[in-house]
Structures are given as C-alpha cells and as structure tokens.
Amino acid sequence: MNLLTNLFSGNQVFIDRFIGWKSIVIAFVMAIFPICRILGFIPEEASLYIYYGSLATGATYAFFNLKHIMTAPTVMIAVCILSILIGNPAPVFSSWTRLGLFLMVILSVFPLLQSDRLMAYRGKITFFTLWIIVAVSVGSLIAFFLGINYMRLDYNYVYLDLTEAGIFGGLTTHSMVLGPISGVAIIFLIWRMTCINKGLLKITISLLMCVACIAALFLSASRGALVATAASVLIVIYLKSRHKWSNLMNAFLVSVLLFAVFSPVIIPFTSGVIEKQQNNIQSGSTFFSREAKWNNRWEEFIDNPFFGVGFSAMDPKNTEDYFIDTGVNEPGSSWLAILSMTGIIGFITFFYLVFFTYKRLWKMAGPHNKDSILILGVFSLFLIHLIIEGYIYAAGSYLCYLFWLIFGNGLSLAHKKVAMTRKRL
C-alpha cells in the first residue's frame, strides 16, 4: 500500500501498524501549534513560545524513535556549520543561535533522523497540517467579508484598509503568508477532488472550499504565490492523467468549464494582484521590489563563493536587507540565500537533495501512486515560491517549517522507494 496515501485518505490500518494514539496526539500538536506562529489573533510573544515548544517536542520524539541517520541531510547541516566557522559573520546575525533553531526544525520534520515510525508520524503531521491550512484559508475569506484583517506591521495589530493591494492577511499575520498557504490548500483540495474523493457531495464540498481558497489567494495579492500555485496545479493534473491522454483532455475541459462557471465569483478578487503588478511596472520592472536584494545576494556569493558569508547572515553593509538591532533579515530569494549564506558547497548539497527527491517522486507519481502526486504538487509550489521569498533558513518562519515538512515527506518517500528497489535486486 502507498505509504502516505493511507494517511491522507484516512486509512487507519497502516497508521496503527507504526504509531499509536500517543504518537497521533503528538502529530496533532506538531500540526496545530506551529501554525499559531502565523495566526494574527495570537500575540507575537505567545506564538513564539508555542512554536519553539512544539519544535522541541518534535525533535525529542524523533530522537526516541530513530533507527538510522541519513547521510545527505547530515552533510547539509555540516556545511551550515562550516559556513559560520569560515565566514565568521557579524554577531548581530546570531548565526549560531539561528542554526540551533533551524536544527530543531530539521530534527522535527525532516528525515535527518529516520525510521518507518517517524515516516508515518510525519505523514500524519502533514495530514493534519493540510486540513488546518484549508481552514485558515477559508476562514480568511470569511474574515474579509466581516471586515477582519490581522495583518501585522512591526509586530503590532494593524487593521488596514481592505481595499489596498497587498495588505490583506485575513486570519494570518501577513499577506505574503496567506498567499502561499492558500496555494498549498488549493493543491491539496484539487488532489482530493481528482484522486481521493468519491461521490458528488464530497467533490462539491471540496470544490467550494477550493474556490474560497482561490479567492483568498487573490486577496493576498501575492504574485509569486499565484504563479507557483498555477504551475503546481498543472503538474498535479498532468501527473494524475499522464499516459492517458483522454483523461488529460477531460481534466482540461472540466477545468475550463469550472473556470467559466466560477469566474464571476473569482474575478472581483483579482484587482489587488493587478494593482500590485501595475505599481511595480511603473516603478521600473516586474520585480522592482526585490531586484536590489537579489543583486546584494549575488555580490555576497561572488565575494564568498565556497561557503558563503555564514548561515542566516549577510554582508553588514547591506543594511537595507536586515534590522540592525535584531539581525532579522530578508534575503529576497531562498535560492540566492543558499548561495550567499552557504556558498556553492551548500547549494550543491541542497540541490542534490531536491533533485533526488523530485526525480524519484516524478517517476513514482501517477494514478497508482497518489501520495507522490500530492507531495510533488506542494513541493513544486515551494520550489517556485523560493525564487522570490527568502525563508529557507528562517527557522522562526512558519513557511520554513512547512517547506521542510513537505520536503521531508518527499525525501522519505523517495528514499523508501529506493530502499525497497534495492532489496528486490
């Protein structure tokens, strides 16, 4: 039986084989507590304690249930350590502290520590997390109609004009968080409609929730999340129907029909994205708001090509990219952050993990391996979104946690398939 499909589709037989009710409770904690980090109605300080407390719980659970340590993730952490030792970043960036927090994320949800029990447990975390994300996305649309906006500026609650582009976070702390999580929710619901749901009622409910999540995505005015979601949806539809062109054509025709039916509902929510794009073009280019950051990351890489400037650090002269008092930074791109912070060595290590996972999942994904379709769809969204957002090493960011959770599921699934193939040989 497929490992994760049984978790996502609610099959309890496989779960009971590896994890009992205590582990399921911990998995629920690891899903519900971290998302408190982005819920605007929870105070900032409280959300931090809850978030890091859940990471400590997850890391402890992983230690007590590990069977072996995977080599490639270990190398990745070693490269991060070397980047600090060699780069000697400025104290303001607190690189060692941030690396410790990042390691907690990796130990909690990434298969640095691995076993069949941990693989099933992390699959269950993902199951809970995806449904919670759907609830937050749909809830954010409801909040819009109620005039509620929890988007924060400078860690304070700010109720802003809901008609201004790019400042609607709904139930979340920022529009740039609402956008990608709504995209993840869309992919999950489309996957359920095409791969899991049986019966008109279930499909209809999933469709209505999906439309609500699409509206929330447009309200966030996140162009990067919109592009990443659209591309990933196409990947999911293709993988579900590949090798069966009639199914692919049917999926295309149904998609066109649904768009025609729901476009009167969706189009009014697109004004924010259009306005934001027009503002950037008038300022000079489509990516005007990020070009300076991208140039700074590239210069940092050129100056420190092998191990970078240091984990979660920058060249201190680029003061516009970080807060001088806290060292909190915004690289502008996760892919460039890997290059600038951990150098070409760090980039090669990360790219190897991504390439291995993506290649294996792509081969596995199809009508008879539905779990791979879901993970590959969400993973694809993140790989595209990482181009324009720099949360890859930001352990305090919920998007960082979510990315490594999905990546970890994919790597576990790919590694499990390879191990089973080798046993047969």
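These numbers come from a predicted model, not from an experiment.

## Structural notes on the overall build of the protein chain
Then comes step 1: A count of helical and extended segments in the protein chain gives 16 helices and 4 strands.
Then comes step 2: Counting the 425 residues in the protein chain, one finds 56% classified as buried.
Then comes step 3: For the protein chain, the share of sequence-separated contacts (at least 6 apart) that also reach a separation of at least 24 residues comes to 76%.

## Focus on the environment of E44
Then comes step 1: Secondary-structure assignment places E44 in helix α4 (residues 44–64).
Then comes step 2: Along the chain, E44 and R152 lie 108 residues apart, while their C-alpha atoms are 9.8 Å from each other.
Then comes step 3: One polar contact links E44 to R37, side chain to side chain, over a distance of 3.2 Å.

## Points about the pattern of salt bridges
Then comes step 1: As enumerated under the stated definition, the model contains 5 salt bridges in all.
Then comes step 2: Residues E300 and R297 are paired through a salt bridge, measuring 2.9 Å at the closest nitrogen-oxygen approach. Remark: R297 and E300 occur in helix α13 (residues 288–303); sequence separation between them is 3 residues, near one turn of the helix.
Then comes step 3: The exposure class assigned to E300 is buried, which follows from its relative accessible area of 2%.
Then comes step 4: Residue classification places R297 among the buried positions, given a relative accessible area of 0%.
Then comes step 5: Salt-bridge contacts for R297 lead to D321; the nearest nitrogen and oxygen are separated by 3.0 Å. Here R297, found in helix α13, pairs with D321, found in the loop between α13 and α14 (334–364); they are 24 residues apart in sequence, far enough to count as distant.

## A word on the environment of V211
Then comes step 1: Structurally, V211 is set in helix α9 (residues 200–220).
Then comes step 2: Take V211: its relative accessible area is 11%, and that puts it in the buried class.
Then comes step 3: As for V211 and I186, which are separated by 25 residues in sequence, their C-alpha atoms are 8.2 Å apart.

## Quick word on helix α10 (residues 223–241)
Then comes step 1: With 19 residues, α10 ought to run about 27 Å at 1.5 Å a step, and its terminal C-alpha atoms sit 28 Å apart, in line with that.
Then comes step 2: Within the span of α10, buried status applies to R223, A225, A228, T229, S232, V233, I235, V236, I237, L239 and S241.

## Focus: the side chain of T129
Then comes step 1: Here T129 lies in helix α7 (residues 116–145).
Then comes step 2: Polar side-chain contacts of T129 include one of 2.8 Å to the backbone oxygen of I125.
Then comes step 3: Once you skip the residues sitting within four places of it in the chain, T129 turns out to touch A31, Y398, L402 and L405.

## Some details on the packing of helix α3 (residues 21–32) against α7
To characterise two packed helices, one gives the angle between the axes of the helices and the distance between these axes.
Then comes step 1: Contact pair α3 / α7: the axes reach a minimum separation of 8 Å and the direction vectors enclose 45°. Looking at the two axes, α3 sits oblique to α7. Crossing geometry of α3 relative to α7 is assigned as right-handed. Residues S23, I24, I26, A27, F28, M30, A31 and I32 of α3 pack against R117, Y121, K124, I125, F128, T129 and I132 of α7.

## Description of the environment of M104
Then comes step 1: By secondary structure assignment, the location of M104 is in helix α6 (residues 95–109).
Then comes step 2: Through-space distance from the C-alpha of M104 to that of T57 is 9.4 Å; in sequence the pair is 47 residues apart.
Then comes step 3: Those residues in contact with M104 that sit more than four places away from it in its chain are Y52, L55, A56 and A59.

## Section: the packing of α7 against helix α8 (residues 175–196)
Then comes step 1: At their nearest, the axes of α7 and α8 sit 9 Å apart, and the two run at 115° to each other. Regarding α7 and α8, the two cross each other, and that crossing is left-handed. Taken together, the residues of α8 that come into contact with α7 (itself represented by L130, W131, I133, V134, V136, S137 and S140) are L178, I181, S182, V184, A185, F188, L189 and R192.
Then comes step 2: Each residue belonging to the contact of α7 with α8 can be placed in one class, and the counts come to 11 nonpolar, 3 polar and 1 charged.

## A few points about the packing of aromatic side chains
Then comes step 1: Considering all chains together, one arrives at 37 aromatic pairs under this definition.
Then comes step 2: Their ring planes at 55° and their centres at 5.4 Å tell us that F127 and F128 sit as a pair that is tilted. An identical accessibility class is assigned to F127 and F128; each is buried.
Then comes step 3: Ring plane angle 20° and centroid distance 6.2 Å describe the contact between F351 and F355, whose orientation is recorded as stacked.

## Section: the nonpolar core
Then comes step 1: Membership of the largest hydrophobic core comes to 119 residues, with the highest contact counts inside it found for F102, F403 and W404.
Then comes step 2: Every residue in contact with F403, bar those within four places of it in the chain, is listed here: F350, F379, F382, L383, L386, Y391 and I392.
Then comes step 3: The next biggest cluster of nonpolar side chains, apart from the first, holds 5 residues, and it includes F93, V309, M314 and Y322.

## Considerations on unusual backbone geometry
Then comes step 1: Even without a glycine there, the phi angle at A221 is positive, about 60°.
Then comes step 2: The residue A221 is located in the loop between α9 and α10 in this model.

## Structural notes on the confidence of the model for the protein chain
Then comes step 1: For the protein chain, mean pLDDT is 85; residues scoring 70 or higher make up 79% of the total.
Then comes step 2: The secondary-structure element of the protein chain with the lowest mean pLDDT is helix α2 (residues 12–18), recorded at 44, while α6 shows the highest, at 97.
Then comes step 3: Confidence drops under pLDDT 50 across residues 10–17; counting only partners more than four residues distant or on other chains, this segment forms 10 contacts.
Then comes step 4: In this model residues 420–425 is a low-confidence stretch, pLDDT under 50, and it forms 1 contact with partners more than four residues away in sequence or in other chains.

Cut-offs used in this document
- Residues numbered from 1 in each chain as written.
- Predicted model: local features only at pLDDT ≥ 70, side-chain atom pairs only at ≥ 80, totals over all residues.
- Heavy atoms only, no water.
- Helix = DSSP H or I, 4+ residues; strand = E, 2+ residues; numbered from the N terminus.
- Buried < 20%, exposed > 50% of the residue type's maximum accessible area, 1.4 Å probe, protein only.
- Contact = heavy atoms within 4.5 Å.
- Polar contact = N/O pair within 3.5 Å; in protein donor to acceptor, adjacent residues only side chain to side chain.
- Salt bridge = Lys/Arg side-chain N within 4 Å of Asp/Glu carboxyl O.
- Expected span 1.5 Å × (residues − 1).
- Axes fitted to C-alpha atoms, helices over the stretch in contact; angles between N-to-C directions.
- Parallel < 35°, antiparallel > 145°, perpendicular 65-115°, else oblique.
- Left-handed = near helix turned anticlockwise from the far one by under 90°.
- Nonpolar A, V, L, I, M, F, W, Y, C, P; charged D, E, K, R; others polar.
- Phe/Tyr/Trp six-rings, centres within 6.5 Å; stacked < 30°, edge-to-face > 60°.
- Core = buried A, V, L, I, M, F, W, Y, C linked by side-chain atoms within 4.5 Å.
- pLDDT = per-residue confidence, 0-100.

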